[in-house]
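So the chains spell out like this:
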Amino acid sequence: MENNIAEIKMEAAMWIVKCEHKSLTSDPEFINWLNTSESHKQIFDSLNQNWQSLGSISTNKVIDTEIKKVSPITFKSAQNVKKVPIKFISYMALVASFFFFSIIYFNLDTQYYSKSYKTQVAQQADFDLPDGSTISLNAKSEVLVYFNDDRRQITILNGDAHFDVAKDKARPFVVRYEQHQFTALGTAFTVNTRPFLQLAVTEHKVKVNFKHTNRVIQEGFLTEFNHYWQTAKVIQSDQNWRDVKLNFKARYLKDVLTQIQPYVSKPISLLNQDMAYELISGTVNLEKPMQALKLITNGLGLEIIQENNEVKLK
């Protein structure tokens, strides 16, 4: 899971304050912090650009001068007055103004936000969004998140995702995939795109827009979009990948292989296409994908061959 976004922003704010008064390009502590993750780099760059746009005090022209202390009774000579460098005053003003800016920025950040999230082969991950929602991604999945002042939109670019949605009546939570649009009317739902598009509503309701048709899917139901629109009661097996297990009942072999593929680094190839529509049922552990393939192929009389950077079933 990624580091806490709010903590990264606060750390980035402190580094930008330091950056105003000395170069950090050779600071090993700063370089190590920046290279912690891609989020650290993106958040630092974003905050730094916003700060620079405010027209902050330039560090290229720092001039020391003296300030005379004046009272209604006496006027002290400049010789007896301690010099106070403008550099110090600028620094304190910078800190104060930056944190004022940071408060404004953090408040606006839940309104305007854009970022992509992705997982690698055999990796599942949870990501916290600035509005309090959470996205859980299956292996080899990617989504693009965009928030503005009237909408929270997530576009699924690849793979499967589960959403735990924070309430915000002013901004609908909308998930898009190709021609399909899913609007949360409650808390939690899953969108799978492999081997074909599925919507499973686990809490409350989801409004579906598909080919100019609107339908509300209730809690506990699964909707499949392949060559037709099919609504069926959700059973426990449909919650599979989040438990790193794959449960399938009377599914085509080709579809089951599609669901296992995100957990295997090499492409899986079924050489005998006559077997593609063989119906199979069972449960396999996705944490051990090659063992899962072995269990499936043994029951079908197929052999696994690994060659030329490919997993072949024949």
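In case you missed it, the structure is sitting above this.
Bear in mind the structure is a predicted one, so any value in this text is a computation, not a measurement.

(A) Just the pairing of strand β7 (residues 173–177), in detail. By the criterion of burial, β7 is predominantly enclosed, with four of the five residues buried. Alignment of strand β5 (residues 152–158) against β7, held across four bridges, turns out to be parallel. Residue arginine 152 lies in a different strand from β7, and its bridge partner there is phenylalanine 173. Relative to strand β8 (residues 180–184), β7 is paired through four bridges, and the arrangement is antiparallel. Counterpart to arginine 176 in the pairing with β8 is glutamine 181. Counting the residues in the hairpin turn of β7 and β8 gives two residues, including glutamate 178, whose phi is positive at 50°.

(B) Examining helix α5 (residues 253–260) more closely. For α5, the buried fraction is high: six of the eight residues fall into the buried class. Buried residues of α5: Leu253, Asp255, Val256, Leu257, Gln259 and Ile260, and no others. In the core, the buried residues of α5 are packed alongside β15 (245–252), β16 (268–270), β17 (279–285), α6 (289–300) and β19 (310–313).

(C) Fine view of the environment of phenylalanine 163. Here phenylalanine 163 lies in strand β6 (residues 161–164). With a relative accessible area of 0%, phenylalanine 163 lands in the buried category. Residues phenylalanine 163 and valine 175 lie twelve residues apart in sequence; the distance between their C-alpha atoms is 9.3 Å. In this structure phenylalanine 163 touches Thr134, Ile135, Ile154, Ile156, Phe173, Val175, Thr187, Ala188, Phe189 and Val191, once residues within four positions along its chain are discounted.

(D) Structural detail: the environment of valine 216. Here valine 216 is to be found in strand β12 (residues 213–218). A relative accessible area of 40% means that valine 216 is categorised as partly exposed. For the pair formed by valine 216 and alanine 184, sequence separation is 32 residues and the distance between their alpha carbons is 9.8 Å. Not counting residues within four places of it along the chain, the set of residues in contact with valine 216 comprises Leu185, Lys205, Val206 and Lys207.

(E) Focus on unusual backbone geometry. In the segment running from arginine 194 into proline 195, the intervening peptide bond is cis, with an omega of 5°. Assignment of secondary structure puts proline 195 in the loop between β9 (188–192) and β10 (197–203). A positive phi is found at alanine 122, a non-glycine position, where the angle reads about 60°. Here alanine 122 lies in the loop between β1 (113–118) and β2 (125–128). Given a relative accessible area of 48%, alanine 122 falls into the partly exposed group. A positive phi angle is found at glutamate 178, which is not glycine, with a value near 50°. Tracing the backbone through its elements, the reader meets glutamate 178 in the loop between β7 and β8. We classify glutamate 178 as exposed; its relative accessible area is 65%.

(F) Examining the sheet that holds β16 more closely. One open sheet accounts for three strands, arranged β16-β19-β18; its pairing is mixed. If you trace the sheet from one side to the other, it starts and ends with β16 and β18 (304–307), each paired once. Each neighbouring strand pair of the sheet contributes to a mean axis angle of 25°, computed without reference to strand direction. Inspection of the sheet shows β18 paired to β19 by four bridges, in the antiparallel sense. Note on β19: the bridge partner recorded for glutamate 307 is glutamate 310.

(G) Local environment of the pattern of salt bridges. Under the definition given, this model contains six salt bridges. Here aspartate 168 makes a salt bridge to arginine 171, at a shortest N to O gap of 2.9 Å. You can call aspartate 168 partly exposed: its relative accessible area is 26%.

(H) Region of interest: α6. Look at α6: 17 Å from first C-alpha to last across twelve residues, which is about the 16 Å you get at 1.5 Å a residue. Residues of α6 that are buried include every one of Pro289, Ala292, Leu293, Ile296 and Thr297, and no others. The buried residues of α6 occupy an angular sector of 125° when the element is viewed end-on, so they sit on one face. For α6, the exposed residues lying more than 90 degrees away from the buried face are Lys294, Leu295, Asn298 and Gly299. Where α6 is buried, its residues meet β15, α5, β16, β17, β18 and β19. Glycine 301 sits one or two positions beyond α6 and adopts a positive phi of about 75°.

Criteria and cut-off values
Residues numbered from 1 in each chain as written. Predicted model: local features only at pLDDT ≥ 70, side-chain atom pairs only at ≥ 80, totals over all residues. Heavy atoms only, no water. Buried < 20%, exposed > 50% of the residue type's maximum accessible area, 1.4 Å probe, protein only. Helix = DSSP H or I, 4+ residues; strand = E, 2+ residues; numbered from the N terminus. Pairing = 2+ DSSP bridges. Contact = heavy atoms within 4.5 Å. Axes fitted to C-alpha atoms, helices over the stretch in contact; angles between N-to-C directions. Salt bridge = Lys/Arg side-chain N within 4 Å of Asp/Glu carboxyl O. Expected span 1.5 Å × (residues − 1). Arc of directions from axis to C-beta.

Nothing here speaks to function; it is geometry throughout.
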